[in-house]
Amino acid sequence: DAAAWGAWWAARRDAWTPPGPAPEGAAGGAPGTPAAGGDRAGARPDPHRTVTRLAAPTAGGRTIYGEVESSAVVFVVDVSYSMRVKLLVGDGQTPTRLEYVQQALAAAIEEQLDDADRFEVIAFADGVRPWAGKLVKATTANKRKALTFVRGLAPDTGTNVHDALEAAWRVPDVDTIYFLTDGNPTQGKRTVTDEILAAARGWDAGRGVRVHTVAFLIGDPTPFQVVEDKGMAARFLRALADQTGGRFTLFDGS
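For every chain, the first residue of the written sequence is number 1, and numbering continues from 1 along that sequence. Local features in this predicted model are restricted to residues of pLDDT 70 or higher, and side-chain atom pairs are both shown and tallied only at a pLDDT of 80 or more, whereas totals for entire chains, interfaces and linings draw on every residue. As a convention, hydrogens and water are excluded, and side-chain values are obtained from all of the structure's heavy atoms.

(A) Quick look at the overall build of the chain. Elements are defined by DSSP. Helices are runs of H or I of four residues or more, strands are runs of E of two residues or more, and each kind is numbered from the N terminus. In terms of helices and strands, the chain carries 7 helices and 8 strands. Note on classification: 1.4 Å probe, protein chains only; a residue is buried when its accessible area is under 20% of the maximum for its type, exposed when over 50%, partly exposed between these limits. Counting the 254 residues in the chain, one finds 48% classified as buried. Considering only residue pairs separated by 6 or more positions, the chain has 75% of its internal contacts joining residues 24 or more positions apart. Whether two residues touch is decided by their heavy atoms; if any such pair falls within 4.5 Å, the residues are in contact.

Below you can see the structure in the form of C-alpha cells.
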C-alpha cells in the first residue's frame, strides 16, 4: 500500500539507482547463469533475470534455482495442469515443464544441500501438498526421501497460489522460499494478486523471509488448450520478489 511503499522508499532512495542492462554472463545475461544473491537490507545486484532459450539443467539445478545460499529453505513447486506443456531444450530433448523442473529441483536438493542445511518441499495445484510439513535436516536419508517425492509429482488441476505461499510461510524458522509457478491464481482463499501480496506482507511481519520467484512460462501452451496471461503472472511474481528482497526469474519463449 502507499504508506508501506513510502516507508520503503524513504529508507532507500538515496542509494537507489535504476537497473541497467547486465553484461553477458551476469544475472540477466546468458541463459542459465544464476543471479547473484545479496544482503536483504542492502543492494541486490541485478535481481531480475529473463531466460528465452532453455538449456539442459546445469549442475545443482542452477539453471532454475541459482545458488541456494539459505540453510533453512522451502521449495514450492506448481504441479497444475499447464505444467504438462512441452519444452524444447537446447540439447534437443522435449520434456514437459514439470519434468524439467523435477530434474532441476532434484539436483538442487541432492547437490547443493548438506547436513548443516534444513529444507522442505511443497507441491501445489488445486490443493497444497507438503512433503515433510516442517524443515528437516538435509541428511542423505532425508534427501533420498525428498527426491522420491519430487520425482513422483504429477500434473493436477488448479493453481492455488495463496494457500501454497501461506503454507510455506507457516514452516517454522524458514528464511528463504523458492516459489515456482507457470500460471495465475485460480483457486484458494484469495485469487486476486494484490490481495495475495497484501497477505504475504502480513505473514512476513517480523519474519524477514526472502522469496525467490520463478515464472516458468516457457513453452507453447496452445496444443494443450491452455490460455496463459504471462504478463499478469510475471508482474505478480516480480512484485512478490521485490517486496521480500528476493530474485525474480522469468522463463519465457516457445
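What follows continues from the structure just given.
(B) Local environment of the confidence of the model for the chain. In this model, the chain carries an average pLDDT of 86, and 84% of its residues clear a pLDDT of 70 or more. Contacts from residues 20-45, a stretch scored under 50 in pLDDT, to residues over four places away or in other chains number 46 contacts. One number per residue, pLDDT, summarises how confident the predictor is, and it ranges from 0 to 100.

(C) Structural detail: unusual backbone geometry. Positive phi, close to 75°, is recorded for Asp173, a residue that is not glycine. Relative to the assigned elements, Asp173 resides in the loop between helix H5 (161-169) and strand S6 (176-181). Classification of Asp173 by relative accessible area gives exposed; the value is 53%.

(D) Representation of helix H4 (residues 140-151) within the structure. The first and last C-alpha atoms of H4 sit 16 Å apart over 12 residues, in line with the 16 Å expected at 1.5 Å per residue. Of the positions making up H4, those classed as buried are Asn142, Lys143, Ala146, Leu147, Phe149 and Val150. On an axial view of H4, the arc spanned by its buried residues comes to 160°, and they lie on one face. Away from the buried face of H4 by more than 90 degrees, exposed residues Thr140, Arg144, Lys145, Thr148 and Arg151 are located. Of the surrounding elements, those touching the buried residues of H4 are helix H3 (97-112), strand S3 (118-124), strand S4 (128-130) and strand S5 (136-137). Multiply 1.5 Å by the residue count of a helix minus one, and that product is the helix's expected span. Here the arc refers to the set of directions running from the helix axis out to each C-beta atom.

(E) Just the pattern of salt bridges, in detail. Here, a salt bridge means any side-chain nitrogen of Lys or Arg that lies within 4 Å of a carboxyl oxygen of Asp or Glu. Under the criterion given, the structure shown has 6 salt bridges. Residue Arg62 is joined to Glu67 by a salt bridge in which the shortest nitrogen-to-oxygen separation is 2.6 Å. A salt bridge links Glu166 to Arg170; its shortest N-O distance comes to 3.1 Å. Connected through shared salt-bridge partners, Glu166, Arg170 and Lys189 make up one network.

(F) Representation of the side chain of Thr244. Mapped onto the elements, Thr244 comes out in helix H7 (residues 230-244). N or O atoms within 3.5 Å of each other form a polar contact, as long as, within protein, one can give a hydrogen and the other can take it, and as long as residues adjacent in sequence are counted only when both atoms are side-chain atoms. One polar contact links the side chain of Thr244 to the main-chain amide nitrogen of Val211, over a distance of 3.1 Å.

(G) Examining H7 more closely. Across its 15 residues, H7 extends 21 Å between first and last C-alpha, which sits within 8% of the 21 Å expected from 1.5 Å per residue. Restricting attention to buried positions, one finds in H7 the residues Ala233, Ala234, Phe236, Leu237, Leu240, Ala241 and Thr244. Mapping the buried residues of H7 onto a view down its axis gives an arc of 165°, with all of them on the same face. Contacts from the buried residues of H7 go to H5, S6, helix H6 (193-203), strand S7 (210-218) and strand S8 (248-253). Following H7 by one or two positions, Gly245 adopts a phi angle in the positive range, close to 75°.

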